[in-house]
Amino acid sequence: MQYDMEIKVLNSIAQLTAADCLQTNGSKPLRVLCEDFNYYICKYFRGVGPAYSLFNEFIASLFLSISEIEAPEFALVNLNSHHAKVANLPKICFEIPCYGSRKMDHVQEVDSFFPGFSFSSAKASYAGYTFLQVALFDIWLSNEDRRNDNFNMLFDYSHYKFIPIDHVQIFNGNNLDKEPELITFDESIINSMLFVKLFSRILHDEIQGLRLQTINHFNQNCHKCHENLPDILQTLPPQWRLDKEYLAARMSYLFTDEWIKRSINTFNEFLQISLKR
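Let us look at the structure shown here. Because the structure is a prediction, the values reported are computed rather than measured. (Residues numbered from 1 in each chain as written. Predicted model: local features only at pLDDT ≥ 70, side-chain atom pairs only at ≥ 80, totals over all residues. Heavy atoms only, no water.)

In this section: the layout of surface pockets. Roughly 1200 Å³ of volume is contained in the largest pocket. Residue lining of the largest pocket: 45 residues in total, with T24, P29, N152, I165 and D166 positioned closest to the centre. Elements supplying a minimum of two residues to the lining of the largest pocket: β3 (39-43), α1 (52-66), β5 (98-102), β6 (107-109) and β7 (153-156). When residues of the lining of the largest pocket are assigned to their parent elements, the largest contribution, 5 residues, is made by α1. If you add up the space inside the second largest pocket, you get close to 330 Å³. Lining the second largest pocket are 16 residues, with Y3, S61, S65, E73 and F74 positioned closest to its centre. The element that contributes the greatest number of residues to the lining of the second largest pocket is α1, accounting for 4 residues. Of the residues in the lining of the second largest pocket, the class split is 8 nonpolar, 2 polar and 6 charged. (1 Å grid on protein atoms, 1.4 Å probe; cavity = no way out; pocket = protein on both sides within 12 Å on 5 of 7 lines; lining within 4 Å. Points joined across faces, edges and corners; volume = space filled by probe spheres on them. Helix = DSSP H or I, 4+ residues; strand = E, 2+ residues; numbered from the N terminus. Nonpolar A, V, L, I, M, F, W, Y, C, P; charged D, E, K, R; others polar.)

As C-alpha cells, then:
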C-alpha cells in the first residue's frame, strides 16, 4: 500500500522567548509558532555535513505513521534567524529546514511518577497494546534512548494510548554507518516500572494475546515501510545533504527476514525476563 508522502513545509512567524528554548538532556529543541498557527518542537542541525540527526526523526515519524502508531504530526520548518535570536545559535542552524514536531494538547509527558496511574481493564488493554507497539518498534530501529529513566513518550488520556517522541538516537545512537546491534534489556522500556504497572497486575492474563497482536501487526508494518522507503527518500530536503542511495543501502538490513526475526525474538525474550521478576 502506497503512503501519502506529501511533507508539510512551514515558516516561523513569531519571535521566540527564553521560555521557547527548551532545556532537555538532549538536543535543546525550540518551541516555534508557525504559519498554520500551531507550535512545533523543532530540532535543528549545527554541523556542515549530512544532517543524520534530522533524518532519524524524519524516518522514524514516517515509519510510525505508516505503521499506524500514534505520533505527533511533523513538518519541515524554516526558522527565521531573527525570530530565534534569543537562542543564541550559530547562523548555520537556520540555513536548512528544521524538523518540527507539532505540539500536542491534552497529553501528559510520561515520567518516573507516571506509573502511579490506574485504569479499568478495557482501557488498560489498549494502553498496553500501544506500549508494546512502541517497545517492538524501538527494538527494530535500535533506539537506545527510550528506557526507564527517559521514557520519551506522551500519554493521551482521552484515547488511552502511549505516543512516542524523540528518535534522534535510533540506529544505535545515531550510528547508521556502523554495524547494527539490537538494543539491550536495560535500553528497553520493557525493563521499566511502567511495564510492571501495566502487565504484572492489570494485564497479566492478557499479555499473550497482546503480544501476538503486536507481532502480527509488526510483520505487516515492516512490509509497508519497506514498500514505501524509496518514496520516503525522495522527499528528503536537499539542504540536509543526505545521500539517498547510501541511506537505502544502509537501511536494507531492517527489512531482512533475519533482522525482523531477531527483533521479534528479542521482544519475546525481554517480555519473559520482565514477567518472571
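There's more to say after this.
Note: strands within a sheet are paired through backbone hydrogen bonds, in either parallel or antiparallel orientation. Taken together, 3 strands build an open sheet; the order of strands is β6-β7-β8 and the sheet is antiparallel. The open sheet has two edge strands with one neighbour each: β6 and β8 (161-164). Strand-to-strand twist of the sheet, defined as the mean angle between neighbouring strand axes without regard to direction, takes the value 30°. Pairing of β6 with β7, which is carried by 3 bridges, proceeds in the antiparallel orientation. Of the residues in β7, the one forming a bridge with V107 is D156. (Pairing = 2+ DSSP bridges. Axes fitted to C-alpha atoms, helices over the stretch in contact; angles between N-to-C directions.)

Before going further, it helps to examine the sheet that holds strand β2 (residues 30-33). Read from one edge of the open sheet, 5 strands run β1-β4-β5-β3-β2, paired in mixed fashion. The sheet terminates laterally at β1 (9-11) and β2, the two strands that pair on one side only. Between one strand axis and the next, the sheet turns by 40° as a mean value, whatever way the strands run. Relative to strand β4 (residues 74-78), β1 runs parallel, the two sharing 3 bridges. The residue of β4 that forms the bridge with L10 is V77.

Summed over all chains, the structure comprises 0 disulfides. No disulfide involves C34; its sulfur sits 5.5 Å from that of C42, the nearest cysteine. We classify C34 as buried; its relative accessible area is 0%. Considering cysteine sulfurs only, C42 is the nearest to C98, which forms no disulfide, with 5.2 Å between them. (Disulfide = S-S within 2.5 Å. Buried < 20%, exposed > 50% of the residue type's maximum accessible area, 1.4 Å probe, protein only.)

We now examine the pattern of salt bridges. Under the counting rule described, the total for this entry stands at 10 salt bridges. A salt bridge links D20 to R31; its shortest N-O distance comes to 2.9 Å. Taken together, the positions of D20 in the loop between β1 and β2 and R31 in strand β2 put the pair 11 residues apart, joining distant regions of the chain. Of the residues examined, D20 reaches a relative accessible area of 9% and is grouped as buried. Of the residues examined, R31 reaches a relative accessible area of 23% and is grouped as partly exposed. D177 is the partner of K178 in a salt bridge, and the nearest nitrogen-oxygen pair spans 3.3 Å. The network of salt bridges with shared partners includes K43, E57 and D166. (Salt bridge = Lys/Arg side-chain N within 4 Å of Asp/Glu carboxyl O.)

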